[in-house]
Each structure stands twice: as structure tokens, then as C-alpha cells.
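# Descriptive structure summary
Residue-level listing of the chains:
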2 protein chains.
Amino acid sequence: MIPVTDKSKLLAVSLELQNQKLHFKGNTDFSETLQIDYVPPFGDGLGFTSLELLLFSLASCVGSTFLLLTRRSGRTIDALTIEATGDRRQEHPTAFTSIDLYLRFKSSDLTQEDCLKAQHIAETSLCPVYSMVKGNVDVNFHYEITG
Amino acid sequence: MIPVTDKSKLLAVSLELQNQKLHFKGNTDFSETLQIDYVPPFGDGLGFTSLELLLFSLASCVGSTFLLLTRRSGRTIDALTIEATGDRRQEHPTAFTSIDLYLRFKSSDLTQEDCLKAQHIAETSLCPVYSMVKGNVDVNFHYEITG
């Protein structure tokens, strides 16, 4: 595997095909192995699909950006769950036409305005994954704040 | 979690923050849990980073496209490993400026020409993840075929 010494500069992953279909195992320097597969009939459902990994990538990047920004503003986030859904085109390439991110915060002092401010910063400068799909996919943000 | 009945139409994932930093656990209908975290000092390195997940997403999507196309042409792929690296911008957004995909096939009948043909189809129509980063990131393909 290609050695990575500074993840702020270079990232590397490796994948190895496991069978005669589409099951891959993925590795980084992290101790766990990532299972990747497609659904039948092309794959056997033995892992996450490539498009689910894109949703995880975007949702975690957006979530991290929100956490860093709102904590920096002095807000206390007691819990955060994110659900992400992606609607696929029915023609090739069967990419997402739109992605919906549902961010559910447990916080006594976070406001919708804080969320809209963080969203703007995420969209314009701070979220690298968002910037890589920008213009190609519509991303919609939804917030729920409970105390 | 939002129910998914047909992954060719809609995909859904859910994430839950695990600590006071950036560690998320991710779930789909697949039995395993995905660990996501950022490196210190923002995170604790308890999982894959968002950008590593983007590399896995793209590499597995490209790999699957190549496997489907070359098998359809009657080629026998005995093994496939993929390494993917991403160079990050040093300013925000710290996205990838370029991604390099190293595809290493073990095959007695696959040719470089087959690879270039599959690459063209992946780039123009068949790889959904590629289509979502197209125009925003340079993706370079490298091939090695051993018998």
C-alpha cells in the first residue's frame, strides 16, 4: 500500500477483488476492513455499495463541518444523527440527481439560523466532499433541533 | 432509518455521532457498521475519513465498471487490486485536486486497449460516481496487467 504520512496532503486506499462478481475488500492504515459490493444480480450484497459510500462521505464531511463551526461559536451539541438519501437517475450514468441530508441535533442553544450559516460556509468553502460534487448533484439540507 | 426497497432508485444511509469530537458510526441495511472519524487533533483516527470514503466510492465504482465491461467482452479477470490516491488542496475547501487510480489486473487475455476502451465508457456514461465528480477533480487512470 502507498504510504501516507500526512493526511492533510495525500490520502490513499487499496481495494482487492474477492470473488468472480463485484465484492471488494478495502483497506487504509485504519485497523478495520471495508466491505464493498453491489446488489444482486451483479453482486451479492456483501458490503456497502459505491453510491452508499458516497453518501457516507458527503454526510460525514458536512456533519463534521457543522460540528466544528457550531462548537467554535460556543454551541453545545449533545447528539447528532444524520440520514442521507440519494435519488438515482434511471438512465446511465445512474448517478444521484439529488441528495437529501437530514441533520438532527440535540442541543439546548443551537438555532436554525446557526444551521443556515454553517450550511452557507460548508457550501462555499469548508466542506471538501461537497465541493467535489458541487454543480453535478443537487444537495438539500434539512434540520431538526430538539432540546 | 429510511426504508430502501430498490437500490437502483433510492439509497439511504444513517450516521450517529459517537463522541464530543468527529467520530461517527454509519449504517445501512448491511450487517456491518462503518466507522468514520478524522485524524487528530479534530478527531481520534477511529475510522475512515470522509475523503478516504470518497476514494473507496470512486475506485470501487470504476473497478466494477471495468469488471462488467471486460467480462462482457469475454475477458477472464483472475484478480484485481486497485490503489487510489488523492492529492489535497492546501487551502479551503481541502478537496482533491487530482485522484490517481492504479488498476492491477491478473489476466491472460486482457489488453491495454481493452482498458482504454473501458475507461472511455466509464468516463462518458457508465460510472455514476465518476460522473458526480467530473469537472471538479482530475482523475488519472493507470494500468498494469500480469498474466
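Residues numbered from 1 in each chain as written. Chains lettered and ligands numbered in written order. Predicted model: local features only at pLDDT ≥ 70, side-chain atom pairs only at ≥ 80, totals over all residues.

Superposition record for chain B on chain A: RMSD 0.0 Å, screw rotation 180 degrees, translation along axis 0.0 Å. Accordingly, the operation relating the two chain copies is best matched by a two-fold axis. Proximity to the rotation axis, assessed at the C-alpha, singles out Val133 of chain B in chain B; its C-alpha lies 2.5 Å from the axis. A symmetric contact is evident, with 100% of the interface residues of chain B recurring at the interface of chain A. (Least-squares fit on C-alpha atoms with pLDDT ≥ 70 in both. Contact = placed C-beta atoms within 7 Å.)

Taking strand neighbours across the sheet as the criterion, the six strands line up as 6(A)-5(A)-4(A)-1(B)-2(B)-3(B) in an open arrangement whose pairing is mixed. Taken across any chain shown, the strands that pair with only one partner, and hence form the sheet edges, are strand 6 (138-146) of chain A together with strand 3 (34-36) of chain B. With direction set aside, neighbouring strand axes in the sheet form an average angle of 20 degrees. Pairing of strand 4 (residues 79-88) of chain A with strand 1 (residues 10-17) of chain B, which is carried by seven bridges, proceeds in the antiparallel orientation. Of the residues in strand 1 of chain B, the one forming a bridge with Thr81 of chain A is Glu16 of chain B. (Pairing = 2+ DSSP bridges. Helix = DSSP H or I, 4+ residues; strand = E, 2+ residues; numbered from the N terminus. Axes fitted to C-alpha atoms, helices over the stretch in contact; angles between N-to-C directions.)

Core analysis: the largest hydrophobic core is formed by 86 residues, its most contacted members being Leu55, Leu58 and Ala59 of chain A together with Leu55, Leu58 and Ala59 of chain B. The contact partners of Ala59 of chain A, leaving out residues within four places of it in the chain, are Ile82, Ala84 and Leu101 of chain A together with Val13 and Leu15 of chain B. (Core = buried A, V, L, I, M, F, W, Y, C linked by C-beta atoms within 7 Å. Buried ≥ 20, exposed ≤ 12 C-beta atoms within 10 Å, placed from the backbone.)

Residue Pro41 of chain A is bonded to the preceding Pro40 of chain A through a cis peptide linkage, with omega at 5 degrees. Mapped onto the elements, Pro41 of chain A comes out in the loop between strand 3 (34-36) and helix 1 (50-72).

Moving on, we get to the domain arrangement of chain A. Often, the extent of an interface is quoted as the loss of accessible area on bringing the components together. For chain A, the assigned domains read domain 1 (1-48) and domain 2 (50-146). The gap between the C-alpha centroids of domain 1 of chain A and domain 2 of chain A is 24 Å. (Domains from an automatic or database assignment.)

Turning our attention to the interface of chain B and chain A. In this assembly, 70 residues from chain B lie in contact with 70 residues from chain A. Counting residues per element, the ones that place at least two in the side of chain B that touches chain A are strand 1, strand 2 (24-27), strand 3, helix 1 (50-72), strand 4 (79-88), helix 2 (112-126) and helix 3 (128-133) of chain B. Sort the elements by how many residues they give to the side of chain B that touches chain A and helix 1 of chain B lands first, with 15 residues.

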